[in-house]
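Reading the structure
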Amino acid sequence: MSTYFSTQGQVIRCKAAVAWGPGKPLVIEEVEVAPPQAMEVRLKILFTSLCHTDVYFWEAKGQTPVFPRIFGHEAAGIVESVGEGVTEIKPGDHVLPVFTGECKECRHCKSEESNMCDLLRINTNRGVMLNDGKSRFSINGKPIYHFVGTSTFSEYTVVHVGCVAKIDPEAPLDKVCVLSCGISTGLGATLNVAKPPKGSTVAIFGLGAVGLAAAEGARMAGASRIIGVDLNSNRFEEAKKFGVTEFVNPKDYNKPVQEVLAEMTDGGVDRSVECTGSINAMISAFECVHDGWGVAVLVGVPNKDDAFKTHPINVLSEKTLKGTFFGNYKPRTDLPSVVEKYMNKELELEKFITHELPFSEINKAFEYMLKGEGLRCIIHMGA
């Protein structure tokens, strides 16, 4: 049976953290949230967290800014109401909204090899809903724009049904909310794409939240050596909690880090996962894998003018280079199973959560992120 909410079919007035301009502190405002239209779902957000993607587009560096806007895309909540045509989800369901979707109809969704939905692939510039090209948020009749189709820095939000993953109602939402973006991206990059054999050696480039999630994936896969590579040596001690066994700071050597890793591992690592977005780290991650069977996976997003350059012999010697988007997880199909890994104690999420704040102090989460303090800050929407 579905749950009935008295607000169904009505405009909801609630609190949202609105970004009025690039880099400006968010302002808690009362916004109006319209009912969901066809193939849309209105969610009551209970917990959300801050991701680097939110900060990057909030700063609007080198972009065409879309403001005023409600950011946020890592979250968990409950379905309040559904629009016409929505059958898989009902009011009362516990869900994770996701920045990328799964329509289940396009070639990508029907392919077992891809998770890049033609209809609902991430779009950072679109601030409106697909159904009618309008926003569901407003203040005094003026639109407040969406962000990547989720806008979870609001007590209520409207999302396309294809961007909503229904999960186990017993799962603690204040923990699994971090699976909506970065943690799943790093975890899936290792488990779904790199696929390290048990007992293998894995190098992780970048020990932020995504990189540590990749290390967690290597730990779960049974890697015998997990080598963390980062320019910040202060991250090394924390990384041990995620299974990292050895550490390399490229600044400590007068030779390319790929040569250092090759010397440490008798010719190269079995798998590498790059989680920085640095083009140099990407090249190093590829060149450090062993010839014949080594696989490198790129996760980080480079600058638009970057060019990946390596000698063709690295390809001819049977090193494999792969890329991944959201860890190759299909949001609706696969995220419920990732939640189950946590419920079964295979995956540890608590160690990613370093701060918690009430919604009224959301700007502190931005301060933590900008200072590089901690991994994930959980924002309690009802506080």
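Residues numbered from 1 in each chain as written. Predicted model: local features only at pLDDT ≥ 70, side-chain atom pairs only at ≥ 80, totals over all residues. Heavy atoms only, no water.

**With respect to the packing of helix 4 (residues 182-194) against helix 5 (residues 209-221)**
For the pair helix 4 and helix 5, the least separation of the axes is 7 Å and the interaxial angle reads 40 degrees. By the criterion of interaxial angle, the relationship of helix 4 to helix 5 is oblique. The two elements helix 4 and helix 5 cross, and the hand of that crossing is right-handed. Contacts between helix 4 and helix 5 pair Gly182, Ile183, Thr185, Gly186, Leu187, Thr190 and Leu191 from the former with Ala209, Val210, Ala213, Ala214, Glu216, Gly217, Ala218, Met220 and Ala221 from the latter. Of the residues belonging to the contact of helix 4 with helix 5, the class tally is 10 nonpolar, five polar and one charged. (Axes fitted to C-alpha atoms, helices over the stretch in contact; angles between N-to-C directions. Helix = DSSP H or I, 4+ residues; strand = E, 2+ residues; numbered from the N terminus. Parallel < 35°, antiparallel > 145°, perpendicular 65-115°, else oblique. Left-handed = near helix turned anticlockwise from the far one by under 90°. Contact = heavy atoms within 4.5 Å. Nonpolar A, V, L, I, M, F, W, Y, C, P; charged D, E, K, R; others polar.)

**Topic: the sheet that holds strand 11 (residues 225-229)**
Sheet strands pair by backbone hydrogen bonding; their relative direction is either parallel or antiparallel. Across the sheet, six strands lie side by side as 12-11-10-13-14-15; this open sheet has parallel pairing. The outermost strands of the open sheet, each flanked by one partner alone, are strand 12 (246-248) and strand 15 (320-323). With strand direction ignored, the average angle separating the axes of adjacent strands in the sheet is 20 degrees. Where strand 11 lies against strand 12, three bridges are found, and the strand directions are parallel. Looking at the pairing, Val229 lines up with Val248 of strand 12. Those strands touched by helix 4 are strand 13 (271-274), strand 14 (295-298) and strand 15, and its axis lies near 145 degrees from that of strand 13. Seen against the sheet, helix 5 touches strand 10 (201-205), strand 11 and strand 13 and runs at an angle of roughly 170 degrees to strand 10. (Pairing = 2+ DSSP bridges.)

**Brief notes about helix 4**
In a regular helix each residue adds 1.5 Å, so 13 residues correspond to 18 Å; helix 4 covers 17 Å between its end C-alpha atoms and thus fits that length. In the structure, helix 4 departs most strongly from a straight axis at Gly188, where the bend amounts to approximately 35 degrees. With 11 of 13 residues buried, helix 4 is to be regarded as a mostly interior element. Within helix 4 the residues assigned to the buried category are Gly182, Ile183, Ser184, Thr185, Gly186, Leu187, Gly188, Ala189, Thr190, Val193 and Ala194. (Expected span 1.5 Å × (residues − 1). Bend = angle between axes of the 7 residues up to and from the residue. Buried < 20%, exposed > 50% of the residue type's maximum accessible area, 1.4 Å probe, protein only.)

**Some thoughts on the sheet that holds strand 7 (residues 142-144)**
The four strands lie next to each other as 1-2-6-7, forming an open sheet whose pairing is antiparallel. Lying at the two open borders of the sheet, with one neighbouring strand each, are strand 1 (12-18) and strand 7. Each adjacent strand pair in this sheet contributes to an overall mean axis angle of 50 degrees, direction not counted. Sheet topology places strand 1 next to strand 2 (residues 27-33); seven bridges connect them, and they run antiparallel.

**Looking at the pattern of salt bridges**
Under the defined criterion, the tally for this structure stands at 20 salt bridges. Notably, a salt bridge pairs Lys104 with Glu88, separated by 3.5 Å at the nearest N-O pair. Of this pair, Lys104 sits in the loop between strand 5 (94-97) and helix 2 (107-110) while Glu88 sits in the loop between strand 4 (74-82) and strand 5, and the two are 16 residues apart along the sequence. With relative accessibility at 32%, the residue Lys104 sits in the partly exposed group. Glu238 serves as the salt-bridge partner of Lys241, at 3.4 Å between the closest nitrogen and oxygen. For Lys241, a relative accessible area of 51% puts it in the exposed group. Taking relative accessible area as the criterion, Glu238 reaches 27% and is therefore assigned partly exposed. Via salt bridges that share partners, Glu216, Arg219, Glu348 and Lys351 belong to a single interconnected network. (Salt bridge = Lys/Arg side-chain N within 4 Å of Asp/Glu carboxyl O.)

**What about the UniProt feature "domain: Alcohol dehydrogenase-like C-terminal" (unreviewed entry) in the protein?**
Here the UniProt feature "domain: Alcohol dehydrogenase-like C-terminal" (unreviewed entry) sits at residues 209-339. Helix makes up 36% of residues 209-339 and strand 15%, and the two end C-alpha atoms of the span are 17 Å apart. (UniProt positions renumbered as here; feature names shortened; annotations may be inferred.)

**Section: the packing of helix 1 (residues 52-59) against helix 11 (residues 362-371)**
Between helix 1 and helix 11, whose axes approach to 11 Å, the crossing angle comes to 95 degrees. If you check the angle between helix 1 and helix 11, you find them roughly perpendicular. Side by side, helix 1 and helix 11 meet where His52, Val55, Trp58 and Glu59 of the first sit next to Phe366, Met369 and Leu370 of the second. Split into classes, the residues belonging to the contact of helix 1 with helix 11 amount to five nonpolar, one polar and one charged.

**Considering the domain arrangement of the protein**
Many analyses report the size of an interface as the accessible area lost when the parts associate. Here the protein is described as being made up of domain 1 (12-178 + 349-380) and domain 2 (185-325). With centres defined by C-alpha atoms, the gap from domain 1 to domain 2 works out at 30 Å. Taken together, the contact between domain 1 and domain 2 spans nine residues of the former and 10 residues of the latter. Summing both sides of the interface, domain 1 and domain 2 together bury roughly 870 Å²; the carbon and sulfur share of this comes to 70%. The three residues of domain 1 that bury the most area against domain 2 are Lys351, Phe352 and Leu375, which together make up 60% of that side's buried surface. If you look at where domain 1 meets domain 2, you find one salt bridge. When the shortest N-O distance is used, the salt bridge between Lys351 and Glu216 registers 2.8 Å. Among the residues forming the side of domain 1 that touches domain 2, the class breakdown is five nonpolar, two polar and two charged. (Domains from an automatic or database assignment. Buried area = accessible area lost by both parts, 1.4 Å probe.)

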